[in-house]
Amino acid sequence: MDTIDRNLSEEQRLMRASCRAFVDDFVAPFIRQNWQREWLMDPDARLPRGILEQADRIGVRTLGVPEEFGGVQLDQATEVRTFAIIAEEIARGDSGLADKLVQNWKVSVLLRNLAPRHLQERWFSRLMQDPGFLLAHCLTEPRGASDRWLPYNVPEAAMQTKAARKDGGWVIDGRKQFISNGYDAGLFVVYANTKAGVGMLQGTSSFLVPRDAPGLTVTRCNETIGGRFMNNGEIVFEDCRVPDDHLLVENDALGKAAIYFRPGKIIQAAKNLGVGTAAFERTSDYVQSYVQGGRILIKHQAVAVRLADMATRLAAVRALLGEAARAVDERAPEADQLCNMVKVFASEEVFTVCRHAMELHGGNGAMLDFGIEKLFRDASIFLHMDATADISRFKIVKSMFPRTAGAYAGPES
Ligand SMILES: Cc1cc2nc3c(=O)[nH]c(=O)nc-3n(C[C@H](O)[C@H](O)[C@H](O)COP(=O)(O)OP(=O)(O)OC[C@H]3O[C@@H](n4cnc5c(N)ncnc54)[C@H](O)[C@@H]3O)c2cc1C
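Criteria and thresholds
- Residues numbered from 1 in each chain as written.
- Predicted model: local features only at pLDDT ≥ 70, side-chain atom pairs only at ≥ 80, totals over all residues.
- Heavy atoms only, no water.
- Helix = DSSP H or I, 4+ residues; strand = E, 2+ residues; numbered from the N terminus.
- Expected span 1.5 Å × (residues − 1).
- Buried < 20%, exposed > 50% of the residue type's maximum accessible area, 1.4 Å probe, protein only.
- Arc of directions from axis to C-beta.
- Contact = heavy atoms within 4.5 Å.
- Pairing = 2+ DSSP bridges.
- Polar contact = N/O pair within 3.5 Å; in protein donor to acceptor, adjacent residues only side chain to side chain.
- Patch = residues over 30% accessible without salt bridge, like charges linked within 9 Å, V, L, I, M, F, W, Y side chains within 5 Å.
- Areas by Shrake-Rupley, 256 points an atom, 1.4 Å probe, with all protein chains shown as cover.
- Salt bridge = Lys/Arg side-chain N within 4 Å of Asp/Glu carboxyl O.
- Axes fitted to C-alpha atoms, helices over the stretch in contact; angles between N-to-C directions.
- Parallel < 35°, antiparallel > 145°, perpendicular 65-115°, else oblique.
- Left-handed = near helix turned anticlockwise from the far one by under 90°.
- Nonpolar A, V, L, I, M, F, W, Y, C, P; charged D, E, K, R; others polar.

Peer 1: Help me understand helix 7 (residues 117–129) in this model?
Peer 2: Count 3.6 residues to each turn of an α-helix, and residues three or four apart come out pointing the same way. If you check helix 7, its first and last C-alpha atoms are 18 Å apart, about what 13 residues at 1.5 Å a residue would give, namely 18 Å. For helix 7, every residue scored as buried is listed here: L119, Q120, W123, F124 and L127. Each buried residue of helix 7 sits inside an arc of 115 degrees when the element is viewed along its axis, so together they form one side. Summarising the contacts, the buried residues of helix 7 are in contact with helix 6 (95–114), strand 1 (135–138), strand 4 (187–193) and strand 5 (204–210).

Shown next as structure tokens:
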């Protein structure tokens with residue numbers, strides 16, 4: 001039993017065991033035998049539905065859905081830590097599959113906190129009934145993403161996607177890009193500007209938008225470098241109409257989105273750790289069986305030293321992740337800072353771990369059918385998800401020094 005296990009509850013240990021069996025028995029063999037499949041240019045054909053059905057059977061598809069709607073509601077006191085444990089395990093099998101599933105958990109947490117009860121009933125039951133049902137969360141747009149998180153709470157930086165009241169409901173116009181599950185989600189949470197002339201923290205609202213809402217068009221599936229089993233998409237809203245009760249939060253939606261982003265960043269770092277763990281496991285097996293210069297690779301000291309470096313980086317990520325996840329579960333004041341720290345730290349450390357893995361595999365590391373380059377590609381995506389590395393650092397320093405680093409950098413008024 002390692003230090004990580006010592007901190008797990010019985011429930012967490014059991015969930016991790018069934019998740020690990022799912023990954024080892026279904027996901028990893030599927031990826032090994034079907035390494036070309038992620039390159040199919042038909043997004044619907046990439047991941048067989050059977051994998052999501054199996055995820056459903058072991059109960060990891062609908063984490064975050066309240067028990068009264070048939071979901072697996074975890075112990076609230078340790079929910080975010082449990083999310084991290086399961087996300088890491090799934091990503092150890094496949095990062096894109098993990099992206100697909102965790103988006104459902106994250107949006108479910110948001111829905112159960114912000115959506116009216118009758119809409120929770122409607123959408124949670126759709127999610128429960130259909131193993132292929134996916135949720136998406138749409139903030140990023142062509143002319144704005146990173147600036148959302150800087151001190152620029154000024155009208156110029158507001159969302160270009162707009163929503164206005166009309167005939168007792170809302171009309172949304174604009175476009176969103178780079179959205180996880182954006183290509184195939186059945187329900188979208190969409191952020192739009194609802195108040196001109198104010199900063200985005202005061203003028204952004206969030207809406208539930210069903211896929212079949214008139215005026216919503218999914219315009220493309222992005223072909224990404226990694227995490228390819230999650231279909232990232234672009235969505236256009238033209239005179240898109242939603243009923244009044246589909247408004248989740250009026251005007252201060254970005255502040256309320258912390259309910260999504262805190263667990264979200266923990267899950268992000270945990271998936272990232274799963275990719276790094278897979279790289280370490282594959283590499284430590286390889287260097288103990290592959291012979292070069294008459295000896296297995298690990299006998300060459302330069303190789304052994306690199307392996308130690310990989311292990312140390314992963315242990316550091318795991319330690320910070322545990323600390324940050326606990327802070328979110330306990331609603332500690334420093335939770336926000338720790339979430340950003342672990343997100344950016346994990347993305348850079350795991351990227352390095354995967355580079356070591358490629359180098360230690362030599363030529364094999366560059367071959368698609370060997371599968372190590374896939375982990376490197378998957379790791380590269382984390383640098384950009386949920387804010388870039390630089391913007392994450394801005395957020396950390398902004399929350400530490402709100403009056404100086406946290407104030408708009410434009411001309412003094
Ligand atoms: C696989 C994937 C999944 C994603 N899923 C989602 C999702 O589900 N929902 C969603 O809403 N978004 C999603 N995103 C979008 C993601 O959050 C953004 O890509 C990210 O926030 C960066 O925004 P951007 O691409 O517009 O980059 P930009 O903002 O254009 O940044 C480009 C570069 O400029 C820097 N930069 C930008 N502005 C500033 C500034 N003011 N000061 C200093 N440096 C700056 C950035 O750090 C970066 O290096 C996803 C992205 C990827 C790759």
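Peer 1: Would you mind going over the pairing of strand 5 with me for this structure?
Peer 2: Regular strands place side chains that alternate from one sheet face to the opposite one. Among the seven residues in strand 5, seven count as buried, and that is most of the element. What you see with strand 5 is no split at all: T204, S206, L208 and P210 on one side and S205, F207 and V209 on the other are buried throughout. When strand 5 meets strand 8 (residues 247–249), the two strands line up antiparallel, connected through two bridges. Its bridge partner being in strand 8, S206 is matched across the sheet by V249.

Peer 1: So what exactly am I meant to see when it comes to the side chain of S205 here?
Peer 2: Within the fold, S205 resides in strand 5. A distance of 2.5 Å separates polar atoms of two side chains, one belonging to S205 and the other to T194. There is a polar contact of 2.8 Å between the side chain of S205 and the backbone nitrogen of N251. Apart from residues no more than four positions distant in its own chain, S205 is found in contact with V190, Y191, A192, T194, L247, V249, E250, N251 and A253.

Peer 1: It is not clear to me how the side chain of Q120 should be interpreted in this structure. Could you clarify?
Peer 2: Within the element layout of this structure, Q120 appears in helix 7. Judged by relative accessible area, which is 10%, Q120 ranks as buried. At a separation of 3.4 Å, a polar atom in the side chain of Q120 contacts the main-chain carbonyl oxygen of R112. Sequence-distant contacts of Q120, defined by excluding residues within four places in its chain, comprise P66, F69, L111, R112, A115 and S125.

Peer 1: Looking at this model, I keep getting lost on a nonpolar patch on the surface. Mind explaining?
Peer 2: Together, F394, V397, M400 and F401 make up an exposed nonpolar region whose accessible area comes to about 360 Å². Within the fold, V397 resides in helix 14 (residues 389–400).

Peer 1: What am I meant to see in unusual backbone geometry here?
Peer 2: Glycine aside, negative phi is the norm for most residues, and most peptide bonds take the trans geometry. Even without being glycine, D167 reaches a positive phi, approximately 50 degrees. Inspection of the secondary structure puts D167 in the loop between strand 2 (162–166) and strand 3 (169–179). For D167, a relative accessible area of 71% gives the class exposed. You will see that N251, though not glycine, has its phi angle at about 75 degrees, which is positive. Along the chain, the position of N251 falls in the loop between strand 8 and helix 9 (253–256).

Peer 1: Would you mind showing me how to read the packing of helix 12 (residues 335–360) against helix 14 here?
Peer 2: Helix-helix packing is described using two parameters, namely the angle between the two axes and the distance between the axes. Close contact between helix 12 and helix 14 brings their axes to 9 Å; oriented N to C, the two are set at 155 degrees. One finds that helix 12 runs roughly antiparallel with respect to helix 14. The handedness of the crossing between helix 12 and helix 14 comes out as left-handed. Residues Q337, N340, M341, K343, V344 and E348 of helix 12 touch helix 14, and the partners they reach there are A389, S392, R393, K395, I396, S399 and M400. Considered class by class, the residues forming the contact of helix 12 with helix 14 number five nonpolar, four polar and four charged.

Any functional reading would require information that these geometric values do not contain.
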